[in-house]
Each structure stands twice: as C-alpha cells, then as structure tokens.
Amino acid sequence: MKRNPGISLLLLLILLAGSCASIKQFRYMSKGKAPKGTFRTEIPFELNNGLIVIKAKLNGSDKEFEFMVDSGAPVSVIYKEAFEESKAKTVMTYGVSDSQGNSTKSNYVMLDIQIGNSDFKDILTAYSPQVNEYIYCIATGGIIGADLMQTANWQIDFENKKIVISDKKKSSSPDLKDYQKVSFSKRSPFSSMPWLNIIPGMTVNLTINGELFKDVYIDLGSSGELTLPKNAATDTLFKSDLKEVRTGYSTFGLLGGQMDTAFYYRSSTIFVEKMNLNPHSIHIAKHNHSLLGTGIFSDYTLFIDFRKQDLYLKPIAQKAKDEKKLGFSISYDSKSSMCYVASLYEGSSAALAGLQLNDTIVEINQQKPPVFADFCEFREWSKKMISQDMLMVKTKRDDQVIQIEKGIVPKR
C-alpha cells in the first residue's frame, strides 16, 4: 500500500519529537542521490556464501572495495580500511543494529559511492570499525544498503551474475512481459505502527499454508531462504510438514551471531500476493526476523522498481540441489587457534558418529588444522573441508577417530 510521503514525514516528526538524533538520521538518510538524467550501468557480481558482492569506489578514490548488496539494511555500512581510504568526516553519532539484535554506537558519514560508471552522492553510511569476522570475509569494504538502492532501479540477473542499475524513468525499464509483479512497501520504524512505512527497504505480505504474515522484509543481505521467528505458530502451521533440527550458530549479523536451536521446514505453499514461490526451506529460530532472503530470489531474475514500489520476478532454470550434508559446521577461535564444532544437525551422520556441539577438533583426515593468518583464511579452508563426501575427525574430548559421511539429514 503506497502512502503520501508528505503525510508520512509529518507523522514521523510528530512521533519522534523527543528524539532529535532519529530525526537527524532520517534527514541525512533522505539526501542520497543517483546520477542525474538517464543513466544505465551494468556490472558483474559474485555470490559469496550465497550473498551478492559488487565492487565500488569511494569519494573519488581509484581504489575498489568489495561491498555486499543488502536490501535489508536501511543504511549502508563501511568498514575500517574503506573508511580510512574514503577520508569521510563524521556527520552524526547514533546506534546501529544488526539482524541478531546486537547493537552499538556508530559514527555516520556521508559518502559518494561509484558503482560501475555511475556516481551516487550523499549516501548516509554507518562506520563500523568492529564487524563480525564471518560477515567481514564476505565483503571487506562494507554494505550497500537500501538507502542507496532506492535512489535507482535495479535488475539482478542471478543466471548470468550481472546487475543493471538505471534511472527510475519508465523508458529505462526492461521488457517485463515474462515477469510476475509483486508490490512492496517501505519499512516502518515502529513495530506497533507497520503502516508508517518510511524507512528505506522493502516489505511484503505473504501466506504460508494459508496463514498471513505481514511486513516480511525482502533481505538480499540474508543468504537463507525464508526465516521466521520462533513464535510463528509452528505446532499448528507446520503440523503436516517434517522438519530438520540444528543446534548451535545458525545465523550471523553485522556485529555477531547467536546460539540457538533452529527448525527447518520445507513448504510448497509460500505465496507473495498471488505468486506461488518455489518450494523452499523455512528457517525458524528465536532470534530471527520475518524475511525473504537471497536463497529465495536466486531462483529468479529480479527487477526492482523503486519508483512504483514494485518487484518483478522471472523464473530461471533450476539446478539440482545436493540435499546431502555432513551435518555439522566448523568455526575458529583466533585467540586459542583452535577449531570447534559450531553447529550440529540432529540425526545427521556427524551426530550419530558421536560428534558433539563445541567439540574441539584436533585432527581432520589425520592432519592438524593449520594456524590461520586470519578468519578469512580459515573460512576458505573450512569450506573445502565441509564440501568433502567423507571426513575422518578426531576431537579433544575423545581420542577416537570418527568417520563422518555425507547423507540426508532425517526429518521428523
């Protein structure tokens, strides 16, 4: 549902009358500008851990940094090295929060960001000198947030790994005859007032097994599919669906992760308006927000029309997904230089072999894990380990070497 922006701004000023910092943040957030006139820039992107990563330059510098495209972040974010290169000056200090409920005070700067051959001016950006290592390794420059994205229209082609950013004129839109349309709204700053949709970002209503979920974020900064909080009426909503259960770290935000027990259901009845999305995994955990992630949208070519607040989706050819898992994930403690079991699926081959959550791993395939220069080096190593069909693992808790083979995690 679209709202008169003048009325929305008036309501915001009334509701935030006691919060000068919030009003100042919104004022700066509204300054972002795309290139003037008609423009079109086409750039490649990479999928890193299922997330969209592009290259950008800052404040006229020739040095490129990798940025994650994150429509779920209301403002863009910059990390230490990119901040120092940009020589940007602080315009305000205010809180920044991540998807896991972690928050901290942050300095905000105004940046000019060049993507391809297009310059985006006066983009309010939160400077985060401390960032979760897992997120930092995906894109070391920072995050392109919804405040920059909404200044233009975006076409994201997952099949050919390219993005086209263009002005909002109707004449610049691609041929959309093979696309399905879904309308979206901006986000509200207040959960109690979802109709006050003025914050950069996209929300939609969807139904699952006939139940309506309102104001679900479209979050291209999430590598998952559909996530819901734990109060999503799981006992009744999914009573006919089998589930997988995972314990440990299951999600990470800008400032850290959360230990949780997560449930994974699979549903073929996910509707956004009248559009039936492909069957996908639904991740339910205590710290989750309601959101549709990149795992959903990578099935399509997307065109995001920020002028009309419409999202267009065209299905692309599907690749067969390997359902087999080792059933556990590895993380790394840089202080002790030790690897440990960070999460574990119930009933998986790893769990049945005797592996336990938080086990310290002293050997994999008869070799000690290396001492890593940084978390990013560990992450590349761990991806190679977990991709194997079989691992021989020895833990500090038990001198026995256990054999773990990939298999289908049983659903119950």
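Quick notes on the rules
Residues numbered from 1 in each chain as written. Predicted model: local features only at pLDDT ≥ 70, side-chain atom pairs only at ≥ 80, totals over all residues. Heavy atoms only, no water. Helix = DSSP H or I, 4+ residues; strand = E, 2+ residues; numbered from the N terminus. Buried < 20%, exposed > 50% of the residue type's maximum accessible area, 1.4 Å probe, protein only. Contact = heavy atoms within 4.5 Å. Areas by Shrake-Rupley, 256 points an atom, 1.4 Å probe, with all protein chains shown as cover. Salt bridge = Lys/Arg side-chain N within 4 Å of Asp/Glu carboxyl O. Core = buried A, V, L, I, M, F, W, Y, C linked by side-chain atoms within 4.5 Å. Polar contact = N/O pair within 3.5 Å; in protein donor to acceptor, adjacent residues only side chain to side chain. Pairing = 2+ DSSP bridges. Axes fitted to C-alpha atoms, helices over the stretch in contact; angles between N-to-C directions. Disulfide = S-S within 2.5 Å.

Peer 1: Break down the overall build of the protein chain for me, citing the residues and quoting the values.
Peer 2: The number of helices and strands found in the protein chain is nine helices and 31 strands. Buried residues in the protein chain amount to 49% of all 412 residues. When contacts within the protein chain are restricted to residue pairs at least 6 apart in sequence, those whose partners lie at least 24 apart make up 63%. Summed over all atoms, the accessible surface of the protein chain reaches about 19,600 Å², with 49% contributed by carbon and sulfur.

Peer 1: Can you break down the pattern of salt bridges residue by residue, with the values?
Peer 2: Scanning the entire structure with this criterion turns up 10 salt bridges. In this structure, Lys162 and Glu42 form a salt bridge, with 3.7 Å as the shortest nitrogen-oxygen distance. One end of the pair, Lys162, is in strand S11 (residues 162–166); the other, Glu42, is in strand S1 (residues 40–44), and 120 residues separate them in sequence. Using a relative accessible area of 30% as the deciding quantity, one classes Lys162 as partly exposed. Residue Glu380 is joined to Arg379 by a salt bridge in which the shortest nitrogen-to-oxygen separation is 3.7 Å. With a relative accessible area of 4%, Arg379 lands in the buried category. The structure contains a network of salt bridges with shared partners spanning Arg40, Glu42 and Lys162.

Peer 1: So, the environment of Tyr300: which residues are in play, and what are the values?
Peer 2: Topologically, Tyr300 is positioned in strand S23 (residues 300–305). For the pair Tyr300 and Ala317, spaced 17 residues apart in the sequence, the C-alpha separation amounts to 8.5 Å.

Peer 1: Describe the nonpolar core, naming the residues involved and giving the relevant values.
Peer 2: In this structure, Ile115, Trp154, Leu292 and Phe297 are the most contacted members of the largest nonpolar core, which totals 65 residues. Core analysis: the second largest hydrophobic core is formed by 21 residues, Phe328, Leu355, Phe372 and Trp381 among them.

Peer 1: Help me get a handle on unusual backbone geometry, residues and values and all.
Peer 2: In the Ramachandran plot, Glu273 falls in the positive-phi region, its phi being about 55° despite a non-glycine side chain. With respect to the helices and strands, the residue Glu273 is situated in the loop between strand S19 (270–272) and strand S20 (275–276). Accessibility expressed as a relative area gives 45% for Glu273, which makes it partly exposed. Of note in this structure, Gln366 is not a glycine but carries a positive phi near 65°. Take Gln366: it is sitting in the loop between strand S28 (360–364) and helix H9 (375–386). Overall, the relative accessible area of 71% leaves Gln366 in the exposed class.

Peer 1: So what's going on with the side chain of Glu225? Which residues, and what values?
Peer 2: Of note, Glu225 is situated in the loop between strand S15 (211–219) and strand S16 (226–229). One polar contact links Glu225 to His280, side chain to side chain, over a distance of 3.0 Å. Within polar-contact distance, the side chain of Glu225 engages the backbone nitrogen of Ser281 at 2.5 Å.

Peer 1: Describe the sheet that holds strand S12 (residues 180–183), listing the residues and the values that go with them.
Peer 2: Judged by pairing direction, the sheet is antiparallel, and its six strands sit side by side in the order S1-S11-S10-S23-S24-S12 without closing on themselves. The open sheet is flanked by S1 and S12, the only strands paired with a single partner. Strand-to-strand twist across the sheet, computed as the mean angle between neighbouring axes with direction ignored, equals 15°.

Peer 1: Can you break down the pairing of strand S8 (residues 118–127) residue by residue, with the values?
Peer 2: Burial within S8 is extensive, with seven of its 10 residues counted as buried. Pairing of strand S5 (residues 76–78) with S8, which is carried by three bridges, proceeds in the parallel orientation. Paired with Val77 across the two strands is Ala126, which belongs to S8.

Peer 1: So what about the pairing of strand S30 (residues 401–405)? Which residues, and what values?
Peer 2: Burial along S30 is one-sided: the face carrying Ile402 and Ile404 is buried and the face carrying Val401, Gln403 and Glu405 is not. Where strand S29 (residues 390–395) meets S30, five bridges bridge the pair, whose relative direction is antiparallel. Considered in S30, the bridge of Lys394 is made with Val401. The hairpin formed by S29 and S30 contains five residues between the paired strands.

Peer 1: I'd love a proper account of the state of the cysteines, names of residues and values included.
Peer 2: On inspection of all chains with the given rule, the structure shows one disulfide. Two residues share a disulfide in this structure: Cys137 and Cys376, whose sulfurs sit 2.2 Å from each other. Taking the sign of the S-S torsion, -95° for the link of Cys137 and Cys376, the bridge is left-handed. Note that Cys137 is positioned in helix H4 (residues 133–138) and Cys376 in helix H9, a separation of 239 residues in sequence.

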